[in-house]
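# A structural walkthrough
Each chain, letter by letter, is given below.
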Amino acid sequence: MGVVPWGVAAGAVAWCLVGSRRAARLENYPWNVWTPIGYGAVKGVFLGLLAGWCAVVVLRVVPVAWWRERGVARFAGLVFSGGLLGGLVPGTVRDFMGEPQPRTLYYFDGPRPESEWYWRPLLSEWLTCTVLPALGCAVLLAVGALVSVRSSRPERFGWAVPALVGVGLLFLPDWAASGAPEPVGNGDHVNESASAGLVVLATGLGLLVSAWVVWWRRRPRRPVGPASPGLTPPRSSPIPPRSVRGGG
């Protein structure tokens, strides 16, 4: 069905937008202004992968006849539910079960007391950085799964989609940092920007390699040996082919 590759693409887009929103609020930190975009895209690749696998698990658990007889709407609903579950659970557990550490609303703010962190700040960050991208990822995942189902060659999406995402990640550091000031400040600040670029490039190369492996395994194989082995005996056999044996 090609669900998992679409999850990777959907997650990369959804959480890259979240990182872009965060980067737009860091104008006072030019040395770090593009870094949330790169980390957001990489985070989305893995969360989208998880969302895609959760969607596959939901499709496997629900009886096939139940959703195939109901049409594409029921199929898209199951994919959406599984994708939303996979994209929503990790961030929700981190937000509500972890330490009260503001990660996006108050950049470089220190740990806050629970009385100042829970409720409004926590809910605001949870809705903005967990719920909304998870919803967007689930919607894009369901749309991509429907495209694969309606396609005459759904297997091609298994390598084409991650390959496109991988190429996009290779160009993301230059694109995201274009127009931004050069990293300034102490060594940690400069190194943080460089390390983010390495993480993005490594993830992009990993997606390209995985796409190549999928393409290699699914490429059409040439037939080995004669097309009709029953009509062509081995060379060592004294029996001539049927087409020239006694005219019959």
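An account of the accompanying structure is given in this report. None of these values were measured; they are calculated from a predicted model.

Parameters at a glance
- Residues numbered from 1 in each chain as written.
- Predicted model: local features only at pLDDT ≥ 70, side-chain atom pairs only at ≥ 80, totals over all residues.
- Heavy atoms only, no water.
- Helix = DSSP H or I, 4+ residues; strand = E, 2+ residues; numbered from the N terminus.
- Buried < 20%, exposed > 50% of the residue type's maximum accessible area, 1.4 Å probe, protein only.
- Contact = heavy atoms within 4.5 Å.
- Expected span 1.5 Å × (residues − 1).
- Axes fitted to C-alpha atoms, helices over the stretch in contact; angles between N-to-C directions.
- Parallel < 35°, antiparallel > 145°, perpendicular 65-115°, else oblique.
- Left-handed = near helix turned anticlockwise from the far one by under 90°.
- Nonpolar A, V, L, I, M, F, W, Y, C, P; charged D, E, K, R; others polar.
- Patch = residues over 30% accessible without salt bridge, like charges linked within 9 Å, V, L, I, M, F, W, Y side chains within 5 Å.
- Areas by Shrake-Rupley, 256 points an atom, 1.4 Å probe, with all protein chains shown as cover.
- Salt bridge = Lys/Arg side-chain N within 4 Å of Asp/Glu carboxyl O.
- Bend = angle between axes of the 7 residues up to and from the residue.
- Phe/Tyr/Trp six-rings, centres within 6.5 Å; stacked < 30°, edge-to-face > 60°.
- Core = buried A, V, L, I, M, F, W, Y, C linked by side-chain atoms within 4.5 Å.

## Notes on the side chain of Thr-35
Residue placement: Thr-35 occurs in helix H2 (residues 35-61). Thr-35 sits in the buried class, given a relative accessible area of 2%. Excluding its chain neighbours within four sequence positions, the residues that come into contact with Thr-35 are Glu-192, Ser-193 and Ala-196.

## A look at helix H1 (residues 3-24)
In this model, H1 (22 residues) spans 32 Å end to end at C-alpha, consistent with the 32 Å of a helix rising 1.5 Å per residue. With 16 of its 22 residues buried, H1 lies for the most part within the structure.

## A closer look at the packing of helix H4 (residues 72-97) against helix H6 (residues 120-150)
The N-to-C vectors of H4 and H6 enclose an angle of 150 degrees; their axes lie 8 Å apart at closest approach. As far as their axial angle goes, H6 and H4 are roughly antiparallel. Crossing geometry of H4 relative to H6 is assigned as right-handed. Counted by class, the contact of H4 with H6 contains 21 nonpolar, five polar and four charged residues.

## A closer look at a nonpolar patch on the surface
A surface patch of nonpolar side chains, amounting to about 740 Å² of accessible area, comprises Leu-85, Val-89, Val-93, Phe-96, Met-97, Trp-119 and Leu-123. Counting residues per element, the nonpolar patch draws most heavily on H4, which supplies five residues. The class of Trp-119 is exposed, set by a relative accessible area of 69%.

## Here we look at H6
Along an α-helix, residues three or four positions apart point the same way, because every turn accommodates 3.6 residues. Between its first and last C-alpha atoms H6 spans 44 Å; for 31 residues at 1.5 Å apiece the expected length is 45 Å, and the two agree. Most pronounced at Leu-127, the bend in H6 amounts to some 35 degrees.

## Overview of the packing of aromatic side chains
Summed over all chains, the structure comprises one aromatic pair. Taking 5.4 Å as the distance between ring centres and 80 degrees as the angle between the ring planes, the aromatic pair formed by Phe-96 and Trp-126 counts as edge-to-face. Pair noted here: Phe-96 is in helix H4 and Trp-126 is in helix H6, with a separation of 30 residues, a long-range link. Given a relative accessible area of 33%, Phe-96 falls into the partly exposed group.

## Structural notes on the nonpolar core
Core analysis: the biggest nonpolar cluster contains 41 residues, and Val-3, Val-79, Leu-141, Val-165, Leu-169 and Leu-172 have the highest contact counts within it. Only H1, H2, H4, H6, helix H7 (157-177) and helix H8 (187-218) provide two or more residues apiece to this core. The element contributing the most residues to this core is H1, with 11 residues.

## Describing the environment of Gly-168
Along the chain, Gly-168 falls in helix H7. Residue classification places Gly-168 among the partly exposed residues on the basis of a relative accessible area of 39%. Measuring from C-alpha to C-alpha, the distance between Gly-168 and Leu-201 comes to 9.7 Å, with 33 residues separating the pair along the chain.

Read these as geometric descriptors, not functional statements.
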